[in-house]
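Fold and contact review
Take a look at the letters that make up each chain.
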Amino acid sequence: MAGSKQSAAPNATWADVCARRLARHSLDTPAPADRMAEVVAAMGGAHAQVMSAAELSIGLRTEGTTRADVRRALWEDRTLVKTFGPRGTVHLLPAAELPLWTGALAAVPAAGGGLSQSARLDAAQTEAVVEAVAEVLRAEEPPTVDELSDAVIARLGDWAADPVVPAFTGMWPRWRQALHTAGHRGALCFGPNRGRKVTYTSPDRWLPGFTPMDPDKALAEIVRRYLRSYGPAHSQHFAQWLSAPRRWAADLFDSLGEELRPVAGPSGDGSTVYELADEPPYEPAAAGDAVRLLPYFDPYAVGSHPRELVYPGVAAERALSNGQAGTVQVLTVGGVVAGVWHQKRSGRKVALTVEAFGTLTKAQLAQVEAQAARVGEILEAVPALTLGPVEGGKHL
């Protein structure tokens with residue numbers, strides 16, 4: 001079992017670990033634009049609760065890509081798909097990998113908490129909701145959530161309409177708690193917006209006739225993907241990234257057996273973390289001064305651990321929300337959070353304010369300027385950069 005192996009001596013510095021992660025994320029050198037789907041796969045999906053953030057996450061990792069290119073890949077070429085990904089949150093994923101992700105995510109047990117027992121759907125009700133959603137989306141043009149709700153309730157009856165799910169304003173009907181479950185099971189993905197309204201559709205429109213992968217094989221592959229891009233890591237880091245129970249995640253790591261190699265944790269506290277056994281030796285860090293402006297919920301910022309090294313000192317106070325990463329846009333230097341930034345769009349212009357927690361070198365300041373220019377290019381806006389304090393800007 002993975003947990004019973006003796007950890008090897010550290011074979012890399014923290015800078016080496018960060019450099020490898022940056023390379024795996026194409027944050028050291030952007031990948032060619034035609035590899036967009038590969039880049040999104042390596043990220044484990046681009047968090048898209050805020051669509052402009054997903055466009056930035058992808059654009060910063062690919063040469064010359066703009067938001068128009070991301071939207072074209074999503075809505076015209078359909079090489080990307082917008083659906084519910086890790087943690088039940090909205091992500092862009094490679095359309096070709098829908099079998100992998102639906103096979104894995106549908107098998108992740110709920111982490112617990114949330115609604116009261118009386119408000120929750122039972123297993124039979126959840127199955128009924130997923131089936132109803134699939135029927136509606138196969139038969140109709142992409143409906144808005146309200147149209148989908150009316151159709152689901154018409155099929156299932158009054159129990160599905162009970163207003164028991166807390167929402168931003170008021171209460172949602174009972175069936176809505178299974179919306180992301182329908183996505184995880186391959187019954188639902190997002191369609192093009194209708195004006196400002198979100199729509200949903202059948203994933204078959206992106207990958208006709210797809211079938212979810214075998215759950216055990218899919219979960220094992222997701223662990224490999226995570227460790228390839230975010231390793232070395234502990235099963236608890238993986239559990240947090242996936243929003244899964246810790247004991248279940250530990251058992252999943254154990255199931256990979258000799259595929260995983262234990263190593264001493266980079267924090268030097270005596271902890272053991274894991275990497276894939278076929279990983280090559282680390283190369284000396286070559287991206288120690290690389291400066292990046294990462295958007296809200298950027299996968300690198302969310303998935304990287306240990307937090308005390310990724311968010312050292314004041315970075316933890318300014319860029320984490322009760323330990324949660326991603327609610328603040330961050331400036332990283334060599335893969336470590338070293339500042340925060342904020343953007344405000346006005347027509348064709350975007351004002352960027354960047355606050356470093358320490359003194360940046362002349363070369364690093366030049367990189368900040370280059371990153372600001374790249375952000376403007378991706379968002380198809382004219383950037384104006386200010387160096388100074390950032391007030392507010394959290395996305396909760």
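Structure first, text after, so check above.
An account of the accompanying structure is given in this report. (Residues numbered from 1 in each chain as written. Predicted model: local features only at pLDDT ≥ 70, side-chain atom pairs only at ≥ 80, totals over all residues. Heavy atoms only, no water.)

Observations regarding the pattern of salt bridges
Which entries qualify depends on this criterion: What makes a salt bridge here is a side-chain nitrogen of Lys or Arg within 4 Å of a carboxyl oxygen of Asp or Glu, nothing more. Counting from the N terminus, the helices are the DSSP runs of H or I reaching at least four residues and the strands are the DSSP runs of E reaching at least two. Relative accessibility thresholds used throughout: buried, under 20% of the residue-type maximum; exposed, over 50%; partly exposed, between the two (1.4 Å probe, protein chains only).
This structure, assessed with the given rule, holds 21 salt bridges. Where E279 meets R24, a salt bridge forms, and the shortest distance between an N and an O atom there is 2.9 Å. Here E279 is found in the loop between β9 (272-276) and β10 (291-294), whereas its partner R24 is found in helix α1 (residues 14-24), with 255 residues between them in sequence. For D251, the salt bridge identified is with R247, shortest N-O distance 2.9 Å. Here D251 and its partner R247 are both found in helix α11 (residues 246-255), four residues apart, which amounts to about one turn of the helix. For R247, a relative accessible area of 54% corresponds to the exposed category. Ionic contacts of the salt-bridge type, sharing partners, join the residues R20, R24, R228, D278 and E279 into one network.

Notes on the sheet that holds strand β1 (residues 46-47)
Pairing between the strands of a sheet comes from backbone hydrogen bonds, and it takes one of two forms, parallel or antiparallel. Test applied: A pair of strands is considered paired only if DSSP assigns at least 2 bridges between the two. Whether two residues are in contact is decided by their heavy atoms: any pair within 4.5 Å suffices. Lines fitted to the C-alpha atoms define the axes, with helices restricted to the stretch that makes contact. Angles between their N-to-C directions range from 0 to 180 degrees.
Within the open sheet, the three strands sit side by side as β1-β3-β2. Their pairing is antiparallel. If you trace the sheet from one side to the other, it starts and ends with β1 and β2 (80-84), each paired once. Along the sheet face, helix α2 (residues 36-43) touches β1, β2 and β3 (90-94) and points at about 125° away from the line of β3. On the sheet, helix α4 (residues 67-75) packs against β2 and β3 and is oriented at approximately 80° with respect to β2.

As for helix α5 (residues 98-105)
Counting buried residues along α5, eight of its eight residues qualify, which places the element largely inside the surrounding structure. Buried within α5 we find L98, P99, L100, W101, T102, G103, A104 and L105. Those residues of α5 that are buried are in contact with β2, β3, α8 (179-184), α9 (215-230) and α10 (235-242).

Quick word on unusual backbone geometry
Between G231 and the following residue, P232, the backbone shows a cis peptide bond with an omega angle of -5°. For P232, the position within the fold is in the loop between α9 and α10. Across the junction of H305 and P306, the peptide omega takes the value 0°, indicating a cis bond. Position of P306 relative to the elements: it lies in the loop between α12 (299-303) and α13 (307-310).

A few points about the pairing of β10
Two faces, one strand: in a regular strand the side chains alternate between the faces of the sheet. Burial of the side chains of β10 extends over both faces: V291 and L293 are buried on one face and R292 and L294 on the other. Note that β10 and strand β11 (residues 329-333) share four bridges and pair antiparallel. Bridged to L293 within β11 is L331.

Points about the sheet that holds strand β13 (residues 349-356)
With mixed pairing, the five strands of this open sheet are ordered in space as β10-β11-β12-β13-β14. A strand with exactly one partner marks an edge of an open sheet, and here the two such strands are β10 and β14 (382-387). In this sheet, adjacent strand axes meet at a mean angle of 25° when their direction is disregarded.

Observations concerning the packing of helix α3 (residues 51-59) against helix α15 (residues 362-378)
Applied cut-off: To sort the angles, those under 35 degrees are grouped as roughly parallel, those over 145 as roughly antiparallel, those from 65 to 115 as roughly perpendicular, and the leftovers as oblique. By definition, any crossing whose near helix is turned counterclockwise from its far helix by less than a right angle is left-handed, and any crossing with a clockwise turn is right-handed. Polarity classes work like this: nonpolar for Ala, Val, Leu, Ile, Met, Phe, Trp, Tyr, Cys and Pro, charged for Asp, Glu, Lys and Arg, and polar for all others, with Gly in that last group.
Running from N to C, α3 and α15 cross one another at 120°; their axes reach a closest spacing of 10 Å. Considered as vectors, α3 and α15 are oriented oblique to each other. You can see that α3 and α15 cross each other, and the crossing is right-handed. Residues E55, L56 and G59 of α3 pack against R374, V375 and I378 of α15. A breakdown of the residues in the contact of α3 with α15 according to their chemical character gives three nonpolar, one polar and two charged.

Section: the packing of α3 against α4
At a minimum axis separation of 9 Å, α3 and α4 run at an interaxial angle of 100°. Taken together, the axes of α3 and α4 are roughly perpendicular relative to one another. On the side of α3, the interface is formed by M51, E55 and I58, while α4 contributes R67, V70, R71 and L74. In terms of residue class, the contact of α3 with α4 is made up of four nonpolar, no polar and three charged.

Quick look at a nonpolar patch on the surface
Rules: Grouping into patches uses exposed residues only, defined as over 30% relative accessible area, and leaves out salt-bridged ones; the cut-off is 9 Å for like charges and 5 Å for nonpolar side chains (Val, Leu, Ile, Met, Phe, Trp, Tyr). The protein chains shown are the only cover counted for residues, whose accessible areas, like all others here, come from Shrake-Rupley with a 1.4 Å probe.
Taken together, the side chains of L365, L385 and L387 make up a nonpolar region of the molecular surface, amounting to roughly 230 Å² of accessible area. By secondary structure assignment, the location of L385 is in strand β14.

Concerning the packing of aromatic side chains
Short version of the rule: Centres within 6.5 Å make a pair out of two Phe, Tyr or Trp rings, where for Trp the six-membered ring is used; the pair is then stacked when the planes are under 30 degrees apart, edge-to-face when over 60, and tilted otherwise.
What the rule picks out here adds up to eleven aromatic pairs. Seen in terms of ring centroids, Y226 and W241 are 5.0 Å apart; in terms of plane orientation they differ by 40°. Their pairing is tilted. Of the two residues, Y226 sits in helix α9 while W241 sits in helix α10, which places them 15 residues apart along the sequence. The exposure class assigned to W241 is buried, which follows from its relative accessible area of 6%. Each ring, one from F238 and one from F253, has its centre 5.7 Å from the other, and the planes form 55°; the classification is tilted. In this pair, F238 is assigned in helix α10 and F253 in helix α11, connecting sequence segments 15 residues apart. Each member of the pair F238 and F253 is classed as buried.

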